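Next come the chains, spelled out residue by residue.
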2 protein chains.
Amino acid sequence: MELFDSHIHSEGRSVEDLEKMSEHGIKHAVSCAFYPIKPLFAETLMDLFRKLIEYESGRGRKAGMNIYAAIGIHPRCIPREWDKVLKFMEEVEGYVAFGEIGLEEANKEEVEVLKDQLKLAKRLDVPCVIHTPRKNKAIVADKIFEILERLEFPEELCLIDHANAEVAEKALRKGYYVGLTVQPGKLSVEEAVEIVYEFGDEYFVANSDSGFSESDFLAVFNLWKELKNEKVLLKNAKRFFRV
Amino acid sequence: MELFDSHIHSEGRSVEDLEKMSEHGIKHAVSCAFYPIKPLFAETLMDLFRKLIEYESGRGRKAGMNIYAAIGIHPRCIPREWDKVLKFMEEVEGYVAFGEIGLEEANKEEVEVLKDQLKLAKRLDVPCVIHTPRKNKAIVADKIFEILERLEFPEELCLIDHANAEVAEKALRKGYYVGLTVQPGKLSVEEAVEIVYEFGDEYFVANSDSGFSESDFLAVFNLWKELKNEKVLLKNAKRFFRV
């Protein structure tokens with residue numbers, strides 16, 4: 001059995017935690033870019049991307065798992081000169097996706113940063129992990145859908161993450177991938193199972209979003225125990241991230 | 001019983017690990033600045049210092065422990081425009097020490113960066129956690145002593161870290177504090193105990209140096225079980241770091 005956690009922040013996890021993930025079959029994980037305080041400088045994110053690509057992948061290897069890097073500007077981590085980050089994203093190599101990008105409060109700056117990242121992703125043919133917030137999830141997700149459609153963003157490059165049933169249904173109808181985040185405050189294992197039973201298993205991926213705070217870094221394994229679905233727990237993510 | 005780990009990299013530890021430290025009596029720790037790849041940009045270190053001061057202290061509180069920030073340029077993390085970092089160190093507030101600073105290969109650039117940080121520390125009256133390397137420890141430590149003496153650096157602001165018996169003896173003779181790092185590849189609990197028995201307990205502090213790699217984050221607790229010395233495990237560090 002091999003499992004894929006489509007969204008973690010490996011930086012916030014000790015190498016021993018990563019080893020436990022690997023021991024529980026979680027052999028693949030995408031480590032998404034995030035900075036736990038609002039960075040003052042664009043350069044901080046550039047070095048962060050290098051760290052994810054060069055160093056976190058190595059910690060993964062030590063722990064017996066593949067850690068793939070996702071790079072991008074999280075809506076809560078927009079530095080002043082964020083255009084510099086975009087330029088760096090165009091040049092750097094070694095990542096599998098842009099992420100997590102998306103909207104938190106959906107203010108003007110966030111929308112602008114998201115749009116520019118999506119345009120770049122479309123041009124470079126890069127899969128995108130798109131964050132939806134806890135607060136006003138449905139409204140903000142609608143805003144994201146609107147942006148994606150205006151940009152004629154390729155459906156197969158789009159993963160709407162942290163979905164609940166309502167957001168999942170809409171996203172699937174539009175042809176996007178959907179991320180189910182099993183975490184206290186997001187989905188329980190039971191809720192995730194129910195959503196897959198209701199909407200089918202072709203476009204779901206699963207993740208723990210584990211990182212800097214307390215979190216169940218074995219969430220994907222716990223979901224596997226109940227769901228036993230290889231598409232949701234491995235194959236769909238491999239297809240989406242092309243690994 | 002309250003213990004003090006004088007040198008960790010809390011960023012590399014999950015909040016659950018920090019909770020375990022707290023449960024084992026480790027209620028105080030200094031989290032030292034380090035970037036696990038060589039940063040390209042000075043700005044990365046500036047945001048890192050902010051992260052240590054603002055965010056890691058908060059993770060500590062959640063875990064029931066005091067995490068104090070040490071800021072500075074580690075010899076393996078010197079960015080191109082390191083003078084910008086020095087300027088930032090002069091302005092930022094909320095840290096207890098400069099660290100870890102020191103020498104790794106003792107090349108010209110490392111020496112220059114160390115000297116400038118020590119000059120600033122002397123001027124601002126800031127305690128310094130000074131790293132000594134695994135390789136050529138005695139020779140590089142001698143180089144550090146020479147720099148400290150030429151600068152007439154105040155003894156009470158100087159902690160020579162990762163000491164072995166030889167380095168400890170010299171450092172104590174010069175009136176410096178000495179850090180005993182209990183970690184695979186550095187000191188065993190038995191070796192640390194022996195060193196304290198040999199040289200007295202007035203100027204030693206203890207640490208795990210735990211962080212991004214595999215490490216025994218309860219090392220200070222394990223040392224306590226054998227040594228039962230409140231000066232080495234708490235009081236000396238409180239005095240040195242003034243907390």
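Preceding this section is the structure that the text describes.
Please read these numbers as outputs of a predicted model, since none were measured by experiment. Sequence order as written defines the numbering, with residues in each chain counted from 1. Here chains are named by letter from A upward and ligands by number from 1 upward, in the order in which they appear as written. With the structure being a predicted model, the display of local features is reserved for residues of pLDDT at least 70 and the display and counting of side-chain atom pairs for 80 or more, all residues being used for whole-chain, interface and lining totals. For the side-chain quantities, the full set of heavy atoms in the structure was used; hydrogens and water were omitted.

### Some points on the overall build of chain A
- Summing up its helical and strand segments, chain A has nine helices and eight strands in all.
- The size measure is the radius of gyration over C-alpha atoms, and the globule rule it meets is 2.2 Å times the number of residues to the 0.38 power. The globule rule puts the C-alpha radius of gyration for 243 residues at 18 Å, and the 16 Å found for chain A is close to it.
- Judged by the C-alpha coordinates and their principal axes, chain A covers about 45 × 40 × 30 Å.
- Using a 1.4 Å probe on the protein chains alone, a residue whose accessible area is under 20% of its type maximum counts as buried, one over 50% counts as exposed, and one in between counts as partly exposed. Per-residue burial over chain A gives 64% buried out of 243 residues.
- Every residue pair with non-hydrogen atoms within 4.5 Å of one another is taken to be in contact. Sequence-distant contacts, at least 24 apart, represent 75% of the contacts inside chain A between residues at least 6 apart.
- In the form shown here, chain A has an accessible surface area of approximately 9500 Å², with 47% of it arising from carbon and sulfur atoms.
- Only four residue types enter the charge count, namely Lys and Arg as positive and Asp and Glu as negative; His and the chain termini do not. Charged groups are reduced to one reference atom each: NZ for lysine, CZ for arginine, CG for aspartic acid, CD for glutamic acid. For chain A, the distance from the average position of its 34 positive side-chain charges to the average position of its 44 negative side-chain charges is 2 Å. Secondary structure follows DSSP: runs of H or I at least 4 residues long count as helices, runs of E at least 2 residues long count as strands, and numbering of each begins at the N terminus. All accessible areas in this document rest on Shrake-Rupley with a 1.4 Å probe, and a residue is counted as covered only by the protein chains that are shown.

### As for helix 1 (residues 15–23) of chain B
Residues and elements named next belong to chain B.
- All buried positions along helix 1 are accounted for by Val 15, Glu 16, Asp 17, Leu 18, Met 21 and Ser 22.
- Structurally, helix 1 contributes buried residues whose contacts are with strand 1 (3–8), strand 2 (26–32), helix 2 (42–63) and strand 3 (66–71).
- Just downstream of helix 1, Gly 25 is the residue with a positive phi angle, here 90 degrees.

### Some details on the relation of the copies chain A and chain B
- Here the copies are superposed with least squares, the fitted atoms being C-alpha atoms of residues at a pLDDT of at least 70 in both. Of the two same-sequence chains, chain A is brought onto chain B (RMSD 0.0 Å, axial shift 0.0 Å) by a rotation of 180 degrees. These values place the two chain copies in the arrangement generated by a two-fold rotation axis. Among all C-alpha atoms of chain A, that of Thr44(A) lies closest to the rotation axis, at 2.1 Å.
- Mapped onto chain B, 100% of the interface residues of chain A again fall at the interface, so both copies present the same surface.

### Some points on the packing of aromatic side chains
- Pairing of aromatic side chains here covers Phe, Tyr and the six-membered ring of Trp, requires ring centres within 6.5 Å, and sorts the geometry by plane angle: under 30 degrees stacked, over 60 edge-to-face, intermediate tilted. All told, the structure shown has 20 aromatic pairs over all chains when counted by the stated rule.
- An angle of 80 degrees between the planes, with centres 5.0 Å apart, marks the rings of Phe240(A) and Phe241(A) as edge-to-face.
- By relative accessible area, which is 1% here, Phe240(A) ends up buried.
- Residue class for Phe241(A) comes out buried when judged on its relative accessible area of 1%.
- Ring centres of Phe145(B) and Tyr176(B) lie 6.0 Å apart, and the angle between their planes is 20 degrees; on these two criteria the pair is classed as stacked. Taken as a pair, Phe145(B) in helix 5 (residues 137–150) and Tyr176(B) in the loop between helix 6 (165–173) and strand 7 (177–181) lie far apart in primary sequence, 31 residues in all. Each member of the pair, Phe145(B) as well as Tyr176(B), is classed as buried.
- Three or more aromatic residues joined by ring pairs form one cluster here, namely Phe4(A), Tyr68(A), Tyr177(A), Tyr203(A), Phe240(A) and Phe241(A).
- The residue whose ring lies beneath Lys51(A) is Tyr35(B), and the NZ or CZ to ring-centre distance is 5.6 Å.
- Counting as a charge over the ring demands two things of the Lys NZ or Arg CZ atom: a distance within 6 Å of the ring centre and an angle within 35 degrees of the ring normal. Cation over ring: Arg239(A) sits above Tyr203(A), and NZ or CZ is 5.7 Å from the ring centre.

What is shown is where atoms sit, not what they do.
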